[in-house]
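Residue strings, one per chain:
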Amino acid sequence: MTRRLTVAQALVAFLAHQYTERDGRRQRLIDACWGIFGHGNVAGIGQALLESEGALPYLQGRNEQAMVHAAVGYARQRDRLAAHAVTTSIGPGATNLVTGAALATINRLPVLLLPGDTFATRPADPVLQQLEHPGAGDVSVNDCLRPVSRYFDRITRPEALIPAALQAMRVLADPVETGAVTLALPQDVQAEAYDWPEEFFADRVWHVRRAAPDPAATAEAAAAVRAARRPLIVAGGGVHHSEAEDALRALAEATGIPVASTQAGKGSLRHDHPADVGGIGHTGTAVADELARTADVVIGVGTRYSDFTTASATLFAPGVRFVNLNITSFDAHKLAALPLVADARAGLRALTEGLAGYRVPAPYEAAYAAGKAAWESEVERAYAVADPDARPTQAQVLGALDAVVGDEDVIVNAAGSLPGDLHKLWRTRSRRQYHLEYGYSCMGYEIPAAIGVRLAAPDRPVWALVGDGTYLMMPTELVTAVQEGIAIKVVLVQNHGYASIGGLSEAVGGERFGTAYRYRAPDGTYSGDPLPVDLAANAASLGMAVLRARTAGELRTALAEARASDRPTCVYVETETADSVSGAPPAQAWWDVPVAETATRPAAVRARQEYERHAAARRRYLGT
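Let me begin by describing the structure that accompanies this report. On a predicted model such as this, the values are computed, not experimentally measured, just so you know. (Residues numbered from 1 in each chain as written. Predicted model: local features only at pLDDT ≥ 70, side-chain atom pairs only at ≥ 80, totals over all residues. Heavy atoms only, no water.)

1. Considering the sheet that holds strand β13 (residues 259–261)
Across the sheet, 6 strands lie side by side as β14-β13-β12-β15-β16-β17; this open sheet has parallel pairing. The sheet is open, and its two borders are formed by β14 (276–279) and β17 (338–341), each paired with just one other strand. The mean inter-strand angle of the sheet, taken between neighbouring strand axes irrespective of direction, is 20°. Here 5 bridges tie strand β15 (residues 297–301) to strand β16 (residues 321–326), and the two strands are oriented parallel to one another. The residue of β16 that forms the bridge with Ile-299 is Val-323. Together, β12 (231–235), β13 and β14 form the strand contacts of helix α11 (residues 286–294), whose direction differs from that of β14 by roughly 100°. (Pairing = 2+ DSSP bridges. Helix = DSSP H or I, 4+ residues; strand = E, 2+ residues; numbered from the N terminus. Axes fitted to C-alpha atoms, helices over the stretch in contact; angles between N-to-C directions. Contact = heavy atoms within 4.5 Å.)

2. A closer look at the state of the cysteines
The tally for this structure, following the rule as stated, stands at 0 disulfides. Cys-144 carries a free sulfur, and the closest cysteine sulfur to it, the one in Cys-442, is 16 Å from it. Among the residues examined, Cys-144 registers a relative accessible area of 41% and is labelled partly exposed. (Disulfide = S-S within 2.5 Å. Buried < 20%, exposed > 50% of the residue type's maximum accessible area, 1.4 Å probe, protein only.)

3. Let's talk about the nonpolar core
With 85 residues, the main nonpolar core has Phe-316, Leu-422, Trp-463, Leu-465 and Leu-559 as its most contacted residues. Apart from residues lying up to four places away in sequence, Leu-422 is in contact with Lys-266, Leu-398, Ile-411, Asn-413, Tyr-434, Leu-436 and Leu-465. Grouped together as the second largest cluster of nonpolar side chains are 48 residues, Ala-70, Leu-103, Cys-442 and Ile-488 included. (Core = buried A, V, L, I, M, F, W, Y, C linked by side-chain atoms within 4.5 Å.)

4. A word on the pattern of salt bridges
Scanning the model with the defined rule gives 40 salt bridges in all. With a closest N to O distance of 3.1 Å, Glu-177 and Arg-150 form a salt bridge. Note that Glu-177 is positioned in the loop between α6 (161–173) and β9 (180–186) and Arg-150 in the loop between β7 (111–117) and β8 (151–154), a separation of 27 residues in sequence. Judged by relative accessible area, Arg-150 falls into the partly exposed class, the value being 40%. Measuring nitrogen to oxygen at the nearest pair gives 2.9 Å for the salt bridge that ties Glu-408 to Arg-563. Residue Glu-408 is found in the loop between α16 (394–404) and β18 (410–413), and its partner Arg-563 is found in helix α23 (residues 552–564); the two are separated by 155 residues along the sequence. The exposure class assigned to Glu-408 is partly exposed, which follows from its relative accessible area of 37%. Each of the salt bridges in this network shares a partner with another, and the network as a whole consists of Arg-22, Asp-23, Arg-25, Arg-210, Glu-243, Asp-343 and Arg-345. (Salt bridge = Lys/Arg side-chain N within 4 Å of Asp/Glu carboxyl O.)

5. Notes on the packing of helix α10 (residues 245–255) against helix α14 (residues 344–354)
Close contact between α10 and α14 brings their axes to 8 Å; oriented N to C, the two are set at 20°. Judged by the inter-axis angle, α10 sits roughly parallel to α14. Seen from above, α10 lies across α14 with left-handed handedness. Contact residues: α10 offers Ala-247, Leu-248 and Leu-251, while α14 offers Arg-345, Leu-348, Arg-349, Leu-351 and Thr-352. Residues belonging to the contact of α10 with α14 are distributed by class as follows: 5 nonpolar, 1 polar and 2 charged. (Parallel < 35°, antiparallel > 145°, perpendicular 65-115°, else oblique. Left-handed = near helix turned anticlockwise from the far one by under 90°. Nonpolar A, V, L, I, M, F, W, Y, C, P; charged D, E, K, R; others polar.)

Quick look at the structure:
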């Protein structure tokens, strides 16, 4: 039997019947479709979504990049087992997807992109918004999505949709392969009818299996850990994606091995668990980084070892041995490690069994317990408010929020100075509370991602933490939150500039050039008075309820009111200046940002000398 539908109608019907299953739990793979319509998709995917009568729910966005961020936030909150689609027109609508696609792929998170494309039949050439490539007639702007997609296909004939759609679902559902998946849809093909086999629309379940580690590899990994006197676990995002937190806790409790976390892995253990030593790397804690410097074996679980984690290859000691548990062979083999290619939960359970009877030396446990207590004193110092009538530091903003939230709250952030402060200071209480996008560190992610998280977890309070720089990049989806009644809470920190990059600029001899939001001074620099920009008024104009907290004392009250609110609410707070915004402890490890080798300005000369001192400590980890 066949069913006559357009390509767009067939795709929407197909997506409505795709499921994932893990541990016996079945759920929709594609739960909804975000879309902004133009001539490249309005008569195709747009008409098909309308005709489907809600079989694939539609969500209206304001910016194409933001729609991808919302979809990514949703997928992460759902442990990569459910995702959203995003449809756009051709031209700028399609190219606006590129940043979001890169973010999804870098963070190993699934999203299905359905950009319109130019005519496959070329009845008129060029059409509106078409890129003309003199050397290749089949190139369109959608080809920009190829390098940032885990799978890409252009559907130039109706029948080509069948294998392409199946491949797209395979990649989205596979924890090894997943990321952005793009099906480019020429606008004429979207509207073309075809007789589809009825089997194409049957329920299809994509099984996400928990791959067990090879027994010999497990034995080798266990032997390496048993020989260690100062082992350290580095927990990455794979712990969360695999729902492996309980297995990690069991291993830590059985062996006494301390657990440090990457940005993606923070919350793998509760902050108050004795084995949790906090964030690791450039934005890590003093105790975690000191353990890393003296570790003889490092067990990486679900981490891809970014330069922030390794302090640009300066953190771990020469001769350290790595054991990497990862679902992907690519990541498991990094740093010349003993690879344990497996699902994180299955691998941790196997490793725990292989380490039966092993425990780290008691003095090692006592030492990291003391270091953990000392860092907690640093957190208390950073959070403490001496004058409730003064403007708060950024660390005090986090302290006020820490006092208000519960275990169920979710904190969303991505860029600026906040990620570093959060990684060092935030006391994570539950497995999905800490939602930091730091693979791409994309300004503008926070607000749309918070919408996606709230859609995935409608019973959890969700906070988007944004600075003024990030807010100005992409406030548009506040309108979406208001329209849909999605009660996110936005904490908007006004610090009059790019605080994080300002600090980095100063460290590398850039003297904070171009990082302040101020009027031009007579010398041509942006060092005049702060701009009279009222971001709270802007948020209110977009429909948000806005609470202004003028002092540290008012802030906590405003945050509590926002948490209790059943409508989208923004808490606006101004900190002193971009160069004194944080109040958190300084970086505990280096990050490699090259400094000008020759310069005339003294600041750059000094910065280069400091750079060469740190760079001399870089090393290659080549195993034995």
